[in-house]
Amino acid sequence: MGHVKLFIPGPVEVSEKILQAFRSPVIGHRGQGFKDLYARIQPQLQQLFYTRQPVFLSTSSAWGVMEGAIRNLVSKKVLCCMNGAFSDKWLDVAQRCGKEAEGLKAAWGSPIRAEAIDARLATGQFDTLTLIHNETSTGVMSPIEEIAALKKKYPDIMFIVDAVSSFSGVKLPFDDLGLDVLLTGSQKALALPPGLALFTCSPAAFARASTVSGRGYYFDFLEFKKNAEGNMTPSTPTLGHIFALESKLEDICTEGLDNRYARHRRLAQVTRDWAARHGFTLFPDDGHVSMTLTCVNNGAKPGGRIVDAEKLVSLVKKRGFLINGGYGKIKGTTFRISNMGDETETSMGELFAALDEAMKEL
Ligand SMILES: *Cc1c(COP(=O)(O)O)cnc(C)c1O
């Protein structure tokens, strides 16, 4: 069987153009050629993050920078917002880094509410907050504007936002939101191969980091900052990704950011329409659905149709498309379809045609 096209919520399908850029000849990472490449993509990356701060490139998957953010910024205690498998993991990571940490839990399928965060931060116990904008396991998007607005009330608390599965599919204006760290990975909505993480930090985050010990070396934000001043990364970067990123930024520029966000919104809607057409309901609470992936309810909560998710996944796979049969404790009782990256009405239409045929065979 040939290549099975990816419609899972990461990694997502990577275009031929990007794969070609990815396999560019290796260059020296301390030479002028690399510094020029780094300097060339900075302004575009800053546009994508809506920031005047430097945007850093980490040779790691997103978890590297997530762990780094904890090690760089938490000195007193971190409040970890938890409403799904990825956000739950933040608490675990913070504890494994030896930090004082507390979870703020919402039900899987529900968003994180600003009021709930406010109530905990008001205790004065915390100096850092972690939030996942788009919980990939449940397909829930939390109200980032409302939550970020709390930063005005708590200017000394570091707001770390994981936008791994929404970044570049949804507008996230870092400076205007007033966040302290915004991070993402290459293999989700950016539609690059896995292995690169991108992030930016506020001046306050650098100031905090300079007071925190135990930052280590590989993910020390101050090392990233120092090296960025010379258009370099702290250690030898994954060069293929950076060539691929330049090529992707070209694509994003051509499409236009607002068009890119609108396309993701439309494709999430057509995916929800497909689910509704087949009698399914959605797992997320009304009004909090993701714009980059759809988590279909398949018995995890009352209402709607229930099918054999594993069989559905395998029937669609036979037709050349990979969707995901649910994650963590909602594996099988949900299934997920991604519309991240380069997808179009046409490419999603091909997936829905295969899904329609598969549904008849269940
Ligand atoms: C995929 C994902 C991660 C993990 O990213 P890795 O690249 O595997 O480290 C973290 N957070 C969210 C929200 C994700 O979707």
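Residues numbered from 1 in each chain as written. Predicted model: local features only at pLDDT ≥ 70, side-chain atom pairs only at ≥ 80, totals over all residues. Heavy atoms only, no water.

Here's the deal with helix 2 (residues 32-49)
When the terminal C-alpha atoms of helix 2 are compared, their 25 Å separation across 18 residues agrees well with the 26 Å that a helix rising 1.5 Å per residue should span. Every buried residue of helix 2 is accounted for by F34, L37, Y38, I41, Q42, L45, L48 and F49. Following helix 2 by one or two positions, Y50 has its phi on the positive side, about 50 degrees. (Helix = DSSP H or I, 4+ residues; strand = E, 2+ residues; numbered from the N terminus. Expected span 1.5 Å × (residues − 1). Buried < 20%, exposed > 50% of the residue type's maximum accessible area, 1.4 Å probe, protein only.)

As for the pairing of strand 8 (residues 158-162)
Across the five residues of strand 8, five count as buried, placing the element largely inside the fold. What you see with strand 8 is no split at all: M158, I160 and D162 on one side and F159 and V161 on the other are buried throughout. The pairing of strand 5 (residues 128-132) with strand 8 spans five bridges and is classified as parallel. By the bridge assignment, T130 is partnered in strand 8 with I160. With three bridges connecting them, strand 8 and strand 9 (residues 181-185) associate as parallel partners. Considered in strand 9, the bridge of V161 is made with L182. (Pairing = 2+ DSSP bridges.)

Let's talk about the nonpolar core
Core analysis: the largest hydrophobic core is formed by 80 residues, its most contacted members being L57, I117, L182, L183 and L245. The residues contacting L57, other than those within four sequence positions of it, are Y38, I41, L45, L196, A197, L198, F224, T233, I242 and L245. Counting residues in hydrophobic clusters, the runner-up holds 22 residues, among them F7, V296, V316 and A354. (Core = buried A, V, L, I, M, F, W, Y, C linked by side-chain atoms within 4.5 Å. Contact = heavy atoms within 4.5 Å.)

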